[in-house]
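Topology and contacts: notes
Here is what each chain is made of, one letter per residue.
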Amino acid sequence: YDSLLEKENFTLKPDFEECHRIKYGRFLAGFDTIIRYSSSKMDMEKIISPEGSNIYTIKWLDSCT
């Protein structure tokens, strides 16, 4: 098999509601808080860590990745 997806016969089925739930919101990663949101037709990510915070623009690979 070329990949695990092929071996397991896995099929990706995008689900808009599930993608939206995963893409946007507040997430915890260790001591960091990640806040993803949409602003002025751009998707943004704010990472708050003990050292400070940064804001990044997100470029998604497709509508669900």
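Preceding this paragraph is the structure being described.
Below: a short report on this structure. (Residues numbered from 1 in each chain as written. Predicted model: local features only at pLDDT ≥ 70, side-chain atom pairs only at ≥ 80, totals over all residues. Heavy atoms only, no water.)

**Quick look at the overall build of the chain**
Summing up its helical and strand segments, the chain has two helices and four strands in all. Reading the chain from its N end, one meets helices and strands in the order α-α-β-β-β-β. Excluding contacts between residues fewer than 6 apart, the proportion of contacts in the chain whose partners are at least 24 apart in sequence is 9%. For the chain, the exposed area adds up to about 5800 Å²; of that, 54% sits on carbon and sulfur atoms. (Helix = DSSP H or I, 4+ residues; strand = E, 2+ residues; numbered from the N terminus. Contact = heavy atoms within 4.5 Å. Areas by Shrake-Rupley, 256 points an atom, 1.4 Å probe, with all protein chains shown as cover.)

**Focus on the pairing of strand 3 (residues 42–49)**
Inspection of the sheet shows strand 2 (residues 32–39) paired to strand 3 by seven bridges, in the antiparallel sense. Across the sheet, Thr-33 pairs through a bridge with Ile-48, a residue of strand 3. What sits between strand 2 and strand 3 in their antiparallel hairpin is a turn of two residues, with Ser-40 showing a positive phi close to 50 degrees. Here strand 3 folds back onto strand 4 (residues 52–58) in antiparallel fashion, the turn holding two residues. (Pairing = 2+ DSSP bridges.)

**What about the side chain of Glu-45?**
On the secondary structure map, Glu-45 appears in strand 3. The class of Glu-45 is buried, set by a relative accessible area of 14%. Polar contacts involving the side chain of Glu-45 include one to the side chain of Arg-36, which spans 2.7 Å. The contact partners of Glu-45, leaving out residues within four places of it in the chain, are Ile-34, Ile-35, Arg-36, Asn-54, Ile-55, Tyr-56 and Ile-58. (Buried < 20%, exposed > 50% of the residue type's maximum accessible area, 1.4 Å probe, protein only. Polar contact = N/O pair within 3.5 Å; in protein donor to acceptor, adjacent residues only side chain to side chain.)

**A few points about the pattern of salt bridges**
The full count for this structure, using the stated rule, is one salt bridge. When the shortest N-O distance is used, the salt bridge between Glu-45 and Arg-36 registers 2.7 Å. Looking at Arg-36, the relative accessible area reads 22%, which means it is partly exposed. (Salt bridge = Lys/Arg side-chain N within 4 Å of Asp/Glu carboxyl O.)

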